[in-house]
Amino acid sequence: MTEIKYYTLEGIAKLQQELQKLISIDRPSISKQIAEARDKGDLSENAEYAAAKEAQSMLELKISKLQDVISNARLLDESRLDSTKVLIFSTVKLKNTQNGSLVTYTLVPENEANVKLGKISVNSPISKGLLGKSISEKVEISVPAGIVAFEIIEISRNNEH
């Protein structure tokens, strides 16, 4: 059984776009490759045919898994989350108390994490250290480089920007 995962509206839309591409573009492309390989004759010794059939099996598996993920996806209503504490979908401005540098992270489901965009997984060490905390609280978080001390400067929601 697939577990239920929570997504933003944007996250669900990305999943649906990927599924649509797999069904409307990739599936017909592989069907065409199979037909072309079949036209070349003896299927028992046709490596192109075997490769295309294998690719088709992998694509169908990927489509099936993605459909399962989408059917178990739940939209999280960000407007109902407490904005005084760090929760999933919080955007948190932190001050590194050791060097004074400021960083901003948005805590998102693991499947929507993108460090380049400042979106970190809610399962990451930094997120776990911040969850449930409030503005002005100081936290010490164990990261691979050691322990880093932060002060929470600001908490906001994506829908407040």
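Here's a quick rundown of the structure. Please read all numbers here as calculations on a predicted model, not as lab measurements.

Here is what the cut-offs are and how they apply
In this numbering scheme, every chain counts its residues from 1 along its sequence in written order. The predicted nature of this model means local features are confined to residues of pLDDT at least 70 and side-chain atom pairs, given and counted, to a pLDDT of 80 or more, with totals for whole chains, interfaces and linings taken over all residues. Side-chain measures were taken over the full set of non-hydrogen atoms in the model, leaving aside hydrogen atoms and water. Whether a set of points on the 1 Å grid over the protein atoms alone is a cavity depends on a 1.4 Å probe fitting there but being unable to get out, while an open set qualifies as a pocket with protein on both sides within 12 Å along at least five of seven lines; lining residues are those with an atom within 4 Å of a point. Grid points are joined across faces, edges and corners, and a volume is the space filled by probe spheres set on the points. Think of it this way: any DSSP run of H or I at least four residues long counts as a helix, any run of E at least two long counts as a strand, and we number them from the N terminus. Two strands pair under a simple rule: DSSP has to find at least two bridges between them. Interaxial angles span 0 to 180 degrees and are taken between N-to-C directions of axes, which are lines fitted to C-alpha atoms, for helices over the stretch in contact.

To continue, consider the layout of surface pockets. Over the atoms rolls a probe the size of a water molecule, and in doing so it shows where empty space is left. Volume-wise, the largest pocket comes out at about 160 Å³. Y7, T8, E10, G11, K14, L15, N111, E112, A113, N114, L117 and K119 together form the lining of the largest pocket. Take the lining of the largest pocket: its biggest share by element is four residues, from helix 1 (residues 9-38).

By the element assignment, G11 lies in helix 1. Taking the C-alpha atoms as reference points, G11 and N111, 100 residues apart in sequence, are found 8.3 Å from one another.

Take the environment of A51 next. Relative to the elements of secondary structure, A51 occurs in helix 2 (residues 47-71). Residues A51 and A37, 14 residues apart in the sequence, show an inter-C-alpha distance of 9.5 Å.

Judged by pairing direction, the sheet is mixed, and its five strands sit side by side in the order 5-4-3-7-6 without closing on themselves. Edge strands, defined here as strands with exactly one partner in the open sheet, are strand 5 (119-121) and strand 6 (138-143). The mean angle between the axes of side-by-side strands here comes to 45 degrees, regardless of whether they run parallel or antiparallel. As paired strands, strand 4 (residues 102-108) and strand 5 are joined by three bridges and run parallel to one another. Note that in strand 5 the partner of V108 across the bridge is S121.

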